[in-house]
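Chain by chain, the residues run as shown.
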Amino acid sequence: MILTMKSCSSRSRGRSHAEVTAMNHSFLRRMALLAAIGFCCLAGCAEEEPETVRIGVALYQQDDTFLSTIVQNLEQQAKERETADRKLNLNIADGRGSQAAQNEQIERFLKQGYDVVCVNIVDRTAAAVLIDKARASNVPLIFFNREPVEEDLMRWDKVFYVGSDAEQSGLLQGGIVRDVWKADRGLIDRNGDGLLQYVMLEGEPGHQDTLLRTENSIKALTKAWVPVEKLANDSANWQRGQAHTRMAQWLKQIGQQVEVVFANNDDMALGAIDACFEAGMSEDQLPFVVGVDATPPALEAIAEGTLKGTVRNNASAQASAMLDLACALSAGEGLNGIEGLKNGKYIRTEYAVVTPENLDEFLP
Ligand code: GAL
Ligand code: CA
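Scope of this entry: the structure provided in the associated data block. Owing to the predicted nature of the structure, the values given are computational and were not obtained by experimental measurement.

## Examining the site of ligand 1
Moving on, step 1. Taken together, Y60, D64, F66, N145, R146, H207, D209, R213, W238, N265, D293 and N313 make up all the residues around ligand 1.
Moving on, step 2. In the environment of ligand 1, an oxygen atom lies 2.9 Å from a nitrogen or oxygen atom belonging to the side chain of R146.
Moving on, step 3. Burial of ligand 1 by the surrounding chains reaches 99%, relative to a free accessible area of 310 Å².

Right, here's the structure in full:
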């Protein structure tokens, strides 16, 4: 400004004092106007710059079918929630089953100043350390799908859990089998001995869903006085391939006796069906197989008639709950408006039974 004023006064040489003063005044007015316009423009531009909410998502294992469904939902819903003033930026990290690797990924998110970090923790007992680190950086944590113990979640008020009620999924899965047993026992009791012979394919040992689904699926039957006989059980770590291997072994040992396969998730249910076909069974000879999750391949198998039922683990509602929390937390808003939030910490979505009868309601 000062430089401009000097050059201006040098150009006015040879004019009367009044002329020069008038020129200077009009020049100054124009300059002031330009400066004001420039300032408004800058301020306006700053206001228009959209705010970006940065959300880190740390997965225990990216190739897990149910979790990839959650991620797809997160990505799609994040896009739908974007506005002219707010962008949502998701960064997905794959822990590949290693807690040490996941800790590093989360520390990186904290250092880079992410607004919120969503944690699908590898080892449910390792939450305390992460919570303390997040607290030191003042970055809220939303645990999901793999539930830390309550004591850990209580360490800080900006720690949450989004998931579902595992006990309910077990009861509903057992309920599918119970209802068929009651309505048309011959479909299940192939050897006609009045006992329901089953095998149980379990998820990862120590996972809340493994323990509660295994226990409650059978409870739904015994509570209804259905006599059951367990032939075998083993963990297949949620994985289709491992379930295939376990089932192939059981088929060799006790093949003809298996009437029902309870699988703690759909991928393992599909692995059991793979093994049956590989062993040369026809569709009519398949045991009554049930899963949990309602993943896209499981819905297809229900449509084909090989999988008899599943229990929908609501990936879309869980993704939505995580984004509700993430947006409110990053905006520094209160959490009173967050749907389903219990005790300021927990959001649990409802499970639902899926069978051939109501499959249409669940198809995309
Ligand atoms: C369960 C789900 C499984 C697996 C597991 C991973 O809720 O049913 O399929 O994704 O979470 O933690
Ligand atoms: Ca029987």
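From this point, the discussion proceeds with the structure in view.
## What about the sheet that holds strand β3 (residues 116-119)?
Moving on, step 1. Pairing is parallel in the open sheet, where six strands are placed in the order β2-β1-β3-β4-β5-β11. Either end of the sheet is taken by a strand with one partner, and the two such strands are β2 (86-94) and β11 (346-349). Shown here is a sheet whose adjacent strand axes are inclined to one another by a mean of 20°, direction ignored.
Moving on, step 2. For strand β4 (residues 141-144) and strand β5 (residues 159-164), the ladder comprises four bridges, and the chain directions are parallel. Across the sheet, residue F144 finds its bridge partner in β5, namely V162.
Moving on, step 3. Contacting β1 (51-59), β2 and β4, helix α3 (residues 65-81) crosses the sheet at an angle of about 165° to β2.

## Some remarks on the pattern of salt bridges
Moving on, step 1. In this structure the tally under the stated criterion is eleven salt bridges.
Moving on, step 2. A salt bridge links D94 to R96; the shortest N-O distance between them is 3.9 Å.
Moving on, step 3. Taking the shortest distance from any N to any O, the salt bridge between E215 and K219 comes out at 3.6 Å. Residue E215 and its partner K219 are both found in helix α8 (residues 208-222); the two are separated by four residues, about one turn of the helix.

## Observations concerning a negative patch on the surface
Moving on, step 1. A cluster of acidic side chains, namely E283, D284, E300 and E304, defines a negative patch on the protein surface.
Moving on, step 2. Looking at the secondary structure, you find D284 in the loop between α10 (266-278) and β9 (288-290).
Moving on, step 3. We classify D284 as exposed; its relative accessible area is 70%.

## Digging into unusual backbone geometry
Moving on, step 1. One non-glycine residue, N145, lies in the positive phi region at around 65°.
Moving on, step 2. Tracing the backbone shows N145 in the loop between β4 and α6 (150-153).
Moving on, step 3. Unlike most non-glycine residues, N237 shows phi in positive territory, near 50°.
Moving on, step 4. Judged by relative accessible area, which is 25%, N237 ranks as partly exposed.

## Description of the packing of aromatic side chains
Aromatic rings in a pair are described by how distant their centres are and how their planes are angled relative to each other.
Moving on, step 1. By the definition in use, this model includes three aromatic pairs.
Moving on, step 2. When the centroid spacing of 4.8 Å and the interplanar angle of 55° are considered together, the rings of F109 and Y114 count as tilted.
Moving on, step 3. F109 gets classed as buried once you look at its relative accessible area, which sits at 4%.
Moving on, step 4. Taking relative accessible area as the criterion, Y114 reaches 7% and is therefore assigned buried.
Moving on, step 5. The side chain of R146 reaches across the aromatic face of Y60, ending 3.7 Å from its centre.
Moving on, step 6. The positively charged end of K345 is found above the aromatic ring belonging to F160, 5.9 Å away from the centroid.

Each value, and the rule that gives it
- Residues numbered from 1 in each chain as written.
- Chains lettered and ligands numbered in written order.
- Predicted model: local features only at pLDDT ≥ 70, side-chain atom pairs only at ≥ 80, totals over all residues.
- Heavy atoms only, no water.
- Near = heavy atom within 4 Å.
- Polar contact = N/O pair within 3.5 Å; in protein donor to acceptor, adjacent residues only side chain to side chain.
- Areas by Shrake-Rupley, 256 points an atom, 1.4 Å probe, with all protein chains shown as cover.
- Pairing = 2+ DSSP bridges.
- Helix = DSSP H or I, 4+ residues; strand = E, 2+ residues; numbered from the N terminus.
- Axes fitted to C-alpha atoms, helices over the stretch in contact; angles between N-to-C directions.
- Contact = heavy atoms within 4.5 Å.
- Salt bridge = Lys/Arg side-chain N within 4 Å of Asp/Glu carboxyl O.
- Patch = residues over 30% accessible without salt bridge, like charges linked within 9 Å, V, L, I, M, F, W, Y side chains within 5 Å.
- Lys, Arg positive; Asp, Glu negative; His and termini not counted.
- Charge placed at Lys NZ, Arg CZ, Asp CG, Glu CD.
- Buried < 20%, exposed > 50% of the residue type's maximum accessible area, 1.4 Å probe, protein only.
- Phe/Tyr/Trp six-rings, centres within 6.5 Å; stacked < 30°, edge-to-face > 60°.
- Lys NZ or Arg CZ within 6 Å of the ring centre and 35° of its normal.

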